[in-house]
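Reading the structure
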Amino acid sequence: MAGHSIPHFQNSAGHATIAIGVKEFMCVGANPPFDHPHVFLDLGDDNEKVCPYCSTLYRYDASLHADETVPAGCTYVDRAA
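These numbers come from a predicted model, not from an experiment.

Points about the UniProt feature "domain: Zinc finger CHCC-type" (unreviewed entry) in the chain
- The feature "domain: Zinc finger CHCC-type" (unreviewed entry), as given by UniProt, occupies residues 23–58 in the numbering adopted here.
- Overall, residues 23–58 shows 0% helix and 53% strand. The separation of its end C-alpha atoms is 9 Å.

Right under this line is the structure:
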């Protein structure tokens with residue numbers, strides 16, 4: 001995936017499931033300072049994966065763009081960068 005940035009997702013609102021448009025991503029848990037270790041998750045051939053830290057279920061939805069989530073607002077943006 002050289003030359004591409006890996007999307008990061010957060011779940012500060014505590015949603016049980018977040019639909020995303022990518023199969024490789026980082027989960028940060030809640031927004032800092034309440035985040036967990038930023039973990040890389042790869043869905044591979046699967047369409048769902050549970051984050052081992054925060055138990056958020058991520059579900060792949062091919063109709064979404066890389067920066068879109070359902071519910072909306074779960075894309076993590078590093079304000080310090």
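Focus: the packing of aromatic side chains
- Inspection of every chain in the model, using the stated rule, returns three aromatic pairs.
- Arranged with centres 6.3 Å apart and planes meeting at 40 degrees, the rings of Phe-9 and Tyr-58 form a pair that is tilted. Within this pair, whereas Phe-9 is found in strand β1 (residues 8–9), its partner Tyr-58 is found in strand β6 (residues 57–60), the two being separated by 49 residues in sequence.
- Assessed through its relative accessible area of 0%, Phe-9 is described here as buried.
- Look at Tyr-58 and you get buried, because its relative accessible area is 0%.
- Aromatic pair Phe-25 and Tyr-58: ring centres 4.7 Å apart, planes at 55 degrees, arrangement tilted. Here Phe-25 is found in strand β3 (residues 24–29), whereas its partner Tyr-58 is found in strand β6, with 33 residues between them in sequence.
- Since its relative accessible area comes to 0%, Phe-25 is described here as buried.
- An aromatic cluster is present here, built from Phe-9, Phe-25 and Tyr-58 joined pairwise through their rings.
- Positioned over the ring face of Tyr-60 is Lys-23, at 5.0 Å from the centre of the ring.

Some thoughts on the side chain of Thr-69
- Relative to the assigned elements, Thr-69 resides in strand β7 (residues 69–70).
- Among the polar contacts listed, one links the side chain of Thr-69 to the backbone oxygen of Pro-71, at a separation of 2.7 Å.
- Those residues within four positions of Thr-69 in sequence are excluded, and the remaining contacts are Phe-9, Ile-18, Ala-19, Ile-20, Leu-64, Cys-74 and Thr-75.

A look at the sheet that holds strand β5 (residues 48–50)
- The strand order across the open sheet built from four strands is β5-β6-β2-β7, with neighbouring strands paired in mixed fashion. Whereas interior strands pair on both sides, the edge strands pair on one side only; in this sheet they are β5 and β7.
- Pairing between strand β2 (residues 17–20) and β6: four bridges, direction parallel. By the bridge assignment, Thr-17 is partnered in β6 with Leu-57.

Rules of the game
- Residues numbered from 1 in each chain as written.
- Predicted model: local features only at pLDDT ≥ 70, side-chain atom pairs only at ≥ 80, totals over all residues.
- Heavy atoms only, no water.
- UniProt positions renumbered as here; feature names shortened; annotations may be inferred.
- Helix = DSSP H or I, 4+ residues; strand = E, 2+ residues; numbered from the N terminus.
- Phe/Tyr/Trp six-rings, centres within 6.5 Å; stacked < 30°, edge-to-face > 60°.
- Buried < 20%, exposed > 50% of the residue type's maximum accessible area, 1.4 Å probe, protein only.
- Lys NZ or Arg CZ within 6 Å of the ring centre and 35° of its normal.
- Polar contact = N/O pair within 3.5 Å; in protein donor to acceptor, adjacent residues only side chain to side chain.
- Contact = heavy atoms within 4.5 Å.
- Pairing = 2+ DSSP bridges.

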